[in-house]
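Survey of secondary and tertiary structure
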Amino acid sequence: MVSVEDYGKYETAWCPGCGNFGILNAVKAALAGAGIAPHQVLFVSGIGQAAKTPHYLNANVFNGLHGRHLPVATGAKLANRDLVVIAESGDGCTYGEGGNHFLAAVRRNVDITLLVHDNRVYGLTKGQASPTTDEGVVTKAQPFGTASAPFNPLAVAVALGAGFVARGYAGDVDHLAGLIQAAVSHPGFALVDILQPCVSFNPVNTYEWYRERVYPVPDDHDPADAEAAMRLARQWGDRIPLGVLYRNDRPTFEAHFPILEDGPLVGRRPDYEALGAALAARR
Ligand SMILES: Cc1ncc(C[n+]2csc(CCOP(=O)(O)OP(=O)(O)O)c2C)c(N)n1
Ligand code: SF4
């Protein structure tokens, strides 16, 4: 049996009260609850406060460059599809620096889970506007208010036909753990965008602000209905829906490559003779 303790307990560099703590606890609860042991998981992150999360987990970890977690996670999954691959980073890292990789991952439908700690600011670099900061919000770097309209990751993911699209909240750990478990078990690309209060640099989207607005996706919502999902994805302001907004079962990226059918690439020995012959034929 796998327990939360198997995922370890480490000292963190986060501010007291940061929403990242709730997300870390939800990740551990989700994996332990699903019976997934630490050696079966690979976490891939970029740079930022959120991207430190895998440092605080006893599992396989690749901590790479800002915005480049999704290409690395894709490569790892293609090389070893026996691994549960979880890409985890902030909204800046994922939707800003890694924005094009996000679009490619959704379109490809690689069987990985993407957890985005969406605190709606660049936290590590002290609170500049990120792609999800609302227009007009004043930060130290945007003293006249953020000039761009916000990026809506859920609406974009639904529009591109992502396999699994959900929104969680760091302040509701049990609900979030359930969403993460569902995302990990989905066969295809699964996005969980997680509302995460940043108590140091986001004075707008606080725990209190979210508490007054979040509500569970209605029981009669059909996640196969893309139009209904899009309506929920675009809802923001007074009411913010939490839960699985959209899902479909389109084929994964991996399913397009017959070479992957014979098991993980990491478990196979290259045929050096055939490789040598192929190279020699090109001399
Ligand atoms: C290519 C590149 N650009 C910029 C930076 C500087 N940088 C490091 S962390 C960071 C902000 C991270 O914000 P986010 O991804 O939202 O995560 P958070 O810290 O809020 O969790 C930035 C801009 C960098 N390391 N590499
Ligand atoms: S700056 Fe914000 S995101 Fe970073 S640890 Fe502190 S509260 Fe969390």
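Residues numbered from 1 in each chain as written. Chains lettered and ligands numbered in written order. Predicted model: local features only at pLDDT ≥ 70, side-chain atom pairs only at ≥ 80, totals over all residues. Heavy atoms only, no water.

Structural notes on the pattern of salt bridges
Under the criterion given, the structure shown has three salt bridges. Put simply, aspartate 111 and lysine 77 hold a salt bridge, and the shortest N to O gap is 3.9 Å. With aspartate 111 in the loop between helix H4 (99-108) and strand S4 (113-118) and lysine 77 in helix H2 (residues 69-79), the pair connects residues that are 34 residues apart, well separated along the chain. Given a relative accessible area of 23%, aspartate 111 falls into the partly exposed group. Notably, a salt bridge pairs glutamate 212 with arginine 213, separated by 3.5 Å at the nearest N-O pair. By relative accessible area, glutamate 212 is classed as exposed at 57%. On the basis of relative accessibility, which here comes to 17%, the residue arginine 213 falls in the buried class. (Salt bridge = Lys/Arg side-chain N within 4 Å of Asp/Glu carboxyl O. Helix = DSSP H or I, 4+ residues; strand = E, 2+ residues; numbered from the N terminus. Buried < 20%, exposed > 50% of the residue type's maximum accessible area, 1.4 Å probe, protein only.)

Section: the site of ligand 1
Near ligand 1 you find 16 residues, and of these Gln49, Ala50, Gly92, Cys93 and Gly123 are the closest. Contact distances for ligand 1 include 2.9 Å between an oxygen atom and a side-chain N or O atom of asparagine 119. At a separation of 3.2 Å, an oxygen atom of ligand 1 approaches a polar backbone atom of valine 121. Across the complex, the protein chains shield 73% of the 590 Å² of accessible surface that ligand 1 would expose by itself. Looking at the shell around ligand 1, the element that brings in the most residues is helix H3 (residues 91-97), giving four residues. The residue makeup of the shell around ligand 1, split by class, is six nonpolar, eight polar and two charged. (Near = heavy atom within 4 Å. Polar contact = N/O pair within 3.5 Å; in protein donor to acceptor, adjacent residues only side chain to side chain. Areas by Shrake-Rupley, 256 points an atom, 1.4 Å probe, with all protein chains shown as cover. Nonpolar A, V, L, I, M, F, W, Y, C, P; charged D, E, K, R; others polar.)

Some remarks on the packing of aromatic side chains
Scanning the model with the defined rule gives nine aromatic pairs in all. Residues tyrosine 95 and phenylalanine 151 carry aromatic rings whose centres are separated by 5.4 Å and whose planes lie at 45 degrees to one another, so their mutual orientation is tilted. Of this pair, tyrosine 95 sits in helix H3 while phenylalanine 151 sits in the loop between strand S6 (128-129) and helix H5 (153-159), placing them 56 residues apart in sequence. Residue tyrosine 95 is classed as buried on the basis of its relative accessible area of 6%. Taking 5.2 Å as the distance between ring centres and 85 degrees as the angle between the ring planes, the aromatic pair formed by tryptophan 209 and tyrosine 210 counts as edge-to-face. Assigned by exposure class, tryptophan 209 and tyrosine 210 land together as buried. An aromatic cluster is present here, built from Tyr169, Trp209, Tyr210 and Trp236 joined pairwise through their rings. Lying over the aromatic face of phenylalanine 253, arginine 108 brings its terminal NZ or CZ to 5.6 Å of the ring centre. (Phe/Tyr/Trp six-rings, centres within 6.5 Å; stacked < 30°, edge-to-face > 60°. Lys NZ or Arg CZ within 6 Å of the ring centre and 35° of its normal.)

Some details on the environment of phenylalanine 43
As for its placement among the helices and strands, phenylalanine 43 is situated in strand S1 (residues 41-45). Given the relative accessible area of 0%, phenylalanine 43 is considered buried. Each C-alpha atom of the pair phenylalanine 43 and asparagine 63 lies 8.1 Å from the other, and the pair is 20 residues apart in sequence. When sequence neighbours within four positions are dropped, the list of residues in contact with phenylalanine 43 reads Val27, Leu31, Pro54, Leu57, Ala59, Asn60, Val61, Phe62, Ile86 and Glu88. (Contact = heavy atoms within 4.5 Å.)

Some words on the UniProt feature "domain: Thiamine pyrophosphate enzyme TPP-binding" (unreviewed entry) in the protein
If you check UniProt for "domain: Thiamine pyrophosphate enzyme TPP-binding" (unreviewed entry), the listed places come out as residues 50-194 in our numbering. Segment residues 50-194 splits into 33% helix and 22% strand. End C-alpha atoms: 11 Å apart. (UniProt positions renumbered as here; feature names shortened; annotations may be inferred.)

Some details on the side chain of asparagine 248
For asparagine 248, the location among the structural elements is in the loop between strand S10 (240-247) and helix H9 (272-281). A polar side-chain atom of asparagine 248 sits 3.2 Å from the main-chain carbonyl oxygen of alanine 162. Aside from chain neighbours lying at most four places away, what touches asparagine 248 is Gly161, Ala162, Gly163 and His186.

Quick word on the packing of helix H1 (residues 20-33) against helix H6 (residues 173-185)
Where H1 meets H6, the axes come as close as 8 Å, and the angle between the chain directions of the two elements is 50 degrees. The orientation of H1 relative to H6 falls into the category oblique. Between H1 and H6 lies a crossing whose hand is right-handed. Contacts between H1 and H6 involve Gly22, Ile23, Asn25, Ala26, Val27, Ala29, Ala30, Leu31 and Gly33 from the former and Val173, Leu176, Ala177, Ile180, Gln181 and Val184 from the latter. Residue composition of the contact of H1 with H6, by class: eleven nonpolar, four polar and no charged. (Axes fitted to C-alpha atoms, helices over the stretch in contact; angles between N-to-C directions. Parallel < 35°, antiparallel > 145°, perpendicular 65-115°, else oblique. Left-handed = near helix turned anticlockwise from the far one by under 90°.)

Focus on the site of ligand 2
Lining the immediate environment of ligand 2, one finds Trp14, Cys15, Cys18, Gln49, Asn119, Gln196, Cys198, Val199, Ser200 and Phe201. When the residues that make up the shell around ligand 2 are grouped by side-chain class, the tally is six nonpolar, four polar and no charged.

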